[in-house]
Amino acid sequence: MFHPVTLPLWLFVLILVFAGVTFASHFLFPSVRWFFRRRVERVVERLNARLDRPIEPFKLMARPDMIVRLTHDPKVAEAIVAEAEATGTPETVQLERARRYAREIVPAFSATVYFGFATRAAKWLARLIYRVRIGQFDTGALAAIDRRATVVFVMNHRSNMDYVLVTYLAADRSALSYAVGEWARVWPLSWLIRASGAYFIRRKSGNPLYRRVLARYVQMAAAEGVTQAIFPEGGLSLDGRVGRPKLGILSYIADGWRTGGRDVVFVPVSLAYDRVIEDRVLTAAHATGVRRFRASFGSILMFVGRQVGRLLTGRFEKFGVASVSFGTPLSLADFMAGPHDDATAELAGELMRRIARNVTVLPVPLLCAAIGEATDLPLAEVRARAADLAHRLDRAGVHLDLPDASPDAAVDRALDILSLRKIVRREGDRVLVPPKDRALIGFYAAPVRQHLCAPAASNEPEFAEFSPNLRS
């Protein structure tokens, strides 16, 4: 037994490789994982000490464990059985589909990525492009939210910059979890979004099993206190108004809540812009009546290239003001305590009304509303119309963010922004609107129209068309 054994070199190398892998998997990798896990735990401890709402353990759960928990949830199991009976497919096949849906939905949150990169990048980008302002902010009501409650920010959807703005402004409060559509499922963007705690959804899927898996994930997150941010409109506003809500995620949260359980507090967030980056794409989609955005990759690269060129040469102009208002919170427990015919629809309607009421009026929307349907107006008349609109809005309790609180200064600021893009032309003492850009004037005027046509009490967040009678 002590005689030497001769082995081929390739076999000896293979034995060494297997020995190295075994050593690493049993001794080295666990130590490395423990080292990084301890570092992550210390990072989370430091973050939780400064955040208003600490990161919940559910958000930090390992992704494979969360996928297993979601796949084997009792309600998902019921949906698997029902789908198997309805389609005649074996339950094992449906279980694998549920597992695939769970892998598709569940995020892979990293506190380091979110707070070390995402929030810093959001702050840099938001402040580079816009003058970021806080509009209305109900400090007392927000401070009074129960620290055990799950907070859900409910927002109107004007631009893809919404994600960036709210992430930046909420960075000192908590880590937000967004629902993101299929458009972002491209690598490496998908990896960054998952690491930031967002989860992907198929907005148009009618598959009952998929819907149940998605619903249970949302309900688990709400029950465990994960701070979320949702866009009830389900997509970007094509006409500039706050639109009708879709009940998907709101219904999942409302259906999953139980009396005596952790309260869910909805915070209405109203976003307003002097310039929406995607405005031409959105108005083109609105004109065709098809929610299909036709911006090509080449046109996006050209747009980004132009802005980078202006930035490098010192000619870059900010896109005006971006305003974010935080309204009065709505407790789900308090809301459900009252009588309701359709609780989820009434909840959605009330939230959308609060959002619409708090949309700040900025210089560009004020100017566009003053122009109205006209294509050629004396500048003096534009100023008079803007002043009259500002007075009516102020009397209605609408928050205005105008330079020096002056409608005249707002008109000058808005003319500078729109003239740079050739949406309006200023020739002497007249203001001209090229016919091709009429839709953009209506798009930016929409928030003002919505404010002035909002009925005193309504069951729907939908308003009549606004036809300004500025002399009335």
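Here the structure is a predicted model, which is why all the values come from computation and not from measurement.

Novice: Could you give an account of the confidence of the model for the protein chain, with specific residues and numbers?
Specialist: Looking at the protein chain, the pLDDT average stands at 84 and 85% of residues meet or exceed 70. The lowest-confidence element of the protein chain is helix 1 (residues 9-50), averaging 62 in pLDDT; the highest-confidence one is helix 16 (residues 363-371), averaging 96. Predicted confidence is poor over residues 456-472, with pLDDT under 50, and the contacts of this stretch with residues over four places away or in other chains come to 34 contacts.

Novice: Account for the nonpolar core, naming residues and giving values.
Specialist: Nonpolar side chains in soluble globular proteins generally cluster together in the buried interior. In this structure, Y178, V269 and V424 are the most contacted members of the largest nonpolar core, which totals 79 residues. Among the elements that line this core, the one with the most residues is helix 16, at seven residues. Not counting the four nearest positions on each side in its chain, V269 is found in contact with F153, V154, M155, N156, V166, V324, S325, F326 and I355.

Novice: Summarise the packing of helix 16 against helix 19 (residues 438-453); cite the residues concerned and give the values.
Specialist: Two elements in contact, helix 16 and helix 19, have axes whose closest approach is 7 Å; the angle formed by their N-to-C orientations is 110°. On the basis of their axis angle, the class for helix 16 and helix 19 is roughly perpendicular. Crossing hand, helix 16 versus helix 19: left-handed. Together, V364, P365, L366, C368, A369 and I371 of helix 16 and R438, I441, Y444, A445 and V448 of helix 19 make up the contact between the two elements. Per-class residue counts for the contact of helix 16 with helix 19 are 10 nonpolar, no polar and one charged.

Novice: Before we move on, could you go through the environment of A102 and cite the residues and values that matter?
Specialist: By the element assignment, A102 lies in helix 5 (residues 91-105). Judged by relative accessible area, A102 falls into the buried class, the value being 0%. When the C-alpha atoms of A102 and I67 are compared, they prove to be 5.6 Å apart, with 35 residues separating the residues in sequence.

Novice: Could you give an account of the pairing of strand 2 (residues 150-155), naming the residues involved and the relevant values?
Specialist: Burial analysis of strand 2 places six of its six residues in the buried class, the great majority of the element. Across the two faces of strand 2 the burial is the same, with T150, V152 and V154 and V151, F153 and M155 all buried. Sheet topology note: the strand 2/strand 6 (residues 264-273) ladder contains six bridges and is parallel. Bridge pairing in strand 6 places V152 opposite F266.

Novice: Would you mind going over the packing of aromatic side chains in detail, with residue names and values included?
Specialist: Under the criterion given, the structure shown has 14 aromatic pairs. Ring geometry for Y130 against Y273: centres 5.3 Å apart, planes inclined by 55°, an arrangement best described as tilted. Of this pair, Y130 sits in the loop between helix 6 (111-129) and strand 1 (131-137) while Y273 sits in strand 6, placing them 143 residues apart in sequence. Of the residues examined, Y130 reaches a relative accessible area of 1% and is grouped as buried. You can call Y273 buried: its relative accessible area is 1%. Centre to centre, the rings of Y130 and F319 are 6.1 Å apart; their planes meet at 85°, and the pair counts as edge-to-face. One end of the pair, Y130, is in the loop between helix 6 and strand 1; the other, F319, is in the loop between helix 13 (297-312) and strand 7 (321-326), with 189 residues separating them in the sequence. Among the residues examined, F319 registers a relative accessible area of 5% and is labelled buried. Here a set of aromatic residues connected by ring pairs shows up, and it is made of Y130, Y273, F316 and F319. Above the plane of the ring of Y210 lies R202, whose end atom (NZ or CZ) is 5.2 Å from the centre.

Novice: Could you give me a rundown of the pattern of salt bridges, with the residues and numbers involved?
Specialist: Enumeration over the complete set of coordinates arrives at 19 salt bridges. D73 is the partner of R216 in a salt bridge, and the nearest nitrogen-oxygen pair spans 2.8 Å. Of the two residues, R216 is situated in helix 10 (residues 208-223) and D73 in the loop between helix 3 (63-71) and helix 4 (74-87); the sequence distance between them amounts to 143 residues. Note on accessibility: R216 and D73 belong to one class, buried. Residues joined in a network through salt bridges with shared partners are E96, R99 and R103.

Novice: Give me the lowdown on the sheet that holds strand 10 (residues 425-427), citing residues and values where you can.
Specialist: As summarised here, the arrangement of the three strands in space is 9-11-10, forming an open sheet in which the pairing is antiparallel. Among the strands making up the open sheet, the edge pair consists of strand 9 (376-378) and strand 10. Strand-to-strand, the axes of this sheet are offset by a mean angle of 25°, without reference to chain direction. As paired strands, strand 10 and strand 11 (residues 430-432) are joined by three bridges and run antiparallel to one another. The residue of strand 11 that forms the bridge with R426 is V431.

Novice: Provide a residue-level description of the packing of helix 16 against helix 18 (residues 407-420), including the pertinent values.
Specialist: Relative to each other, helix 16 and helix 18 sit at 95°, their axes nearing to 8 Å. When the axis of helix 16 is compared with that of helix 18, the two are roughly perpendicular. Where helix 16 approaches helix 18, its residues P363, V364, L366, L367 and C368 are matched on the opposing element by A410, V411, R413, A414, L415, I417 and L418. For the contact of helix 16 with helix 18, the per-class residue count stands at 11 nonpolar, no polar and one charged.

Novice: Could you give an account of the side chain of R421, with specific residues and numbers?
Specialist: Note that R421 resides in the loop between helix 18 and strand 10. Reaching out from R421, the side chain makes a polar contact with the side chain of D279 at a distance of 2.7 Å. Once residues within four sequence positions are removed from consideration, R421 is found in contact with R275, D279, R280 and Y444.

Thresholds, definitions, all that
- Residues numbered from 1 in each chain as written.
- Predicted model: local features only at pLDDT ≥ 70, side-chain atom pairs only at ≥ 80, totals over all residues.
- Heavy atoms only, no water.
- pLDDT = per-residue confidence, 0-100.
- Helix = DSSP H or I, 4+ residues; strand = E, 2+ residues; numbered from the N terminus.
- Contact = heavy atoms within 4.5 Å.
- Core = buried A, V, L, I, M, F, W, Y, C linked by side-chain atoms within 4.5 Å.
- Buried < 20%, exposed > 50% of the residue type's maximum accessible area, 1.4 Å probe, protein only.
- Axes fitted to C-alpha atoms, helices over the stretch in contact; angles between N-to-C directions.
- Parallel < 35°, antiparallel > 145°, perpendicular 65-115°, else oblique.
- Left-handed = near helix turned anticlockwise from the far one by under 90°.
- Nonpolar A, V, L, I, M, F, W, Y, C, P; charged D, E, K, R; others polar.
- Pairing = 2+ DSSP bridges.
- Phe/Tyr/Trp six-rings, centres within 6.5 Å; stacked < 30°, edge-to-face > 60°.
- Lys NZ or Arg CZ within 6 Å of the ring centre and 35° of its normal.
- Salt bridge = Lys/Arg side-chain N within 4 Å of Asp/Glu carboxyl O.
- Polar contact = N/O pair within 3.5 Å; in protein donor to acceptor, adjacent residues only side chain to side chain.

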